[in-house]
Amino acid sequence: MKVMLRNTAQGLSAYVPKKDLEEPVVSKEKDGLWGGTITLANGWVLALPEMQPDTRLPITVEARKVGGE
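Okay, so let's go over this structure.

Rules used throughout
Residues numbered from 1 in each chain as written. Predicted model: local features only at pLDDT ≥ 70, side-chain atom pairs only at ≥ 80, totals over all residues. Heavy atoms only, no water. Helix = DSSP H or I, 4+ residues; strand = E, 2+ residues; numbered from the N terminus. Rg over C-alpha atoms; globule rule 2.2 N^0.38 Å. Buried < 20%, exposed > 50% of the residue type's maximum accessible area, 1.4 Å probe, protein only. Lys, Arg positive; Asp, Glu negative; His and termini not counted. Salt bridge = Lys/Arg side-chain N within 4 Å of Asp/Glu carboxyl O. Contact = heavy atoms within 4.5 Å. Core = buried A, V, L, I, M, F, W, Y, C linked by side-chain atoms within 4.5 Å.

This part is about the overall build of the chain. Of the regular secondary structure elements, the chain holds zero helices and seven strands. Tracing the chain from N to C terminus, the helices and strands come up as β-β-β-β-β-β-β. In terms of C-alpha radius of gyration, the chain reaches 11 Å, essentially the compact-globule figure of 11 Å for 69 residues. The principal-axis extent of the C-alpha atoms belonging to the chain is close to 30 × 25 × 20 Å. Within the chain, the fraction of its 69 residues that count as buried is 30%.

A few words on the side chain of Glu23. Looking at the element boundaries, Glu23 is found in strand β3 (residues 21–28). Among buried charged residues, Glu23 stands out as having no salt bridge; its nearest opposite-charge side chain is Lys65, 11 Å away. Apart from the residues lying within four places of it in its own chain, the contact partners of Glu23 are Ser13, Ala14, Leu40, Ala41 and Asn42.

In a soluble, globular protein the nonpolar side chains are often hidden away together inside. Core analysis: the biggest nonpolar cluster contains 17 residues, and Leu5, Ile38 and Leu48 have the highest contact counts within it. Elements that contribute at least two residues to this core include exactly β1 (2–8), β2 (11–16), β3, β4 (37–40) and β6 (59–62). At three residues, β2 tops the list of elements feeding residues into this core. If sequence neighbours within four positions are ignored, Leu5 has contacts with Ser13, Ala14, Leu33, Trp34, Ile38, Leu48, Leu57, Pro58, Ile59 and Val61.

As structure tokens, then:
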């Protein structure tokens, strides 16, 4: 699914246009953002693609939902 990641005043945020859902990122699997999973405040776990560590935000990426429905 397409996910837009951006920095906000409250921290990292993920927006899923298809679901019209914006949630804060509450945890990351890796110190860096790319190539691991992130957990959103609603409980979704998303696997992010490998990218360069210095990739600038905001950016839209193809993420994969892990577990759940």
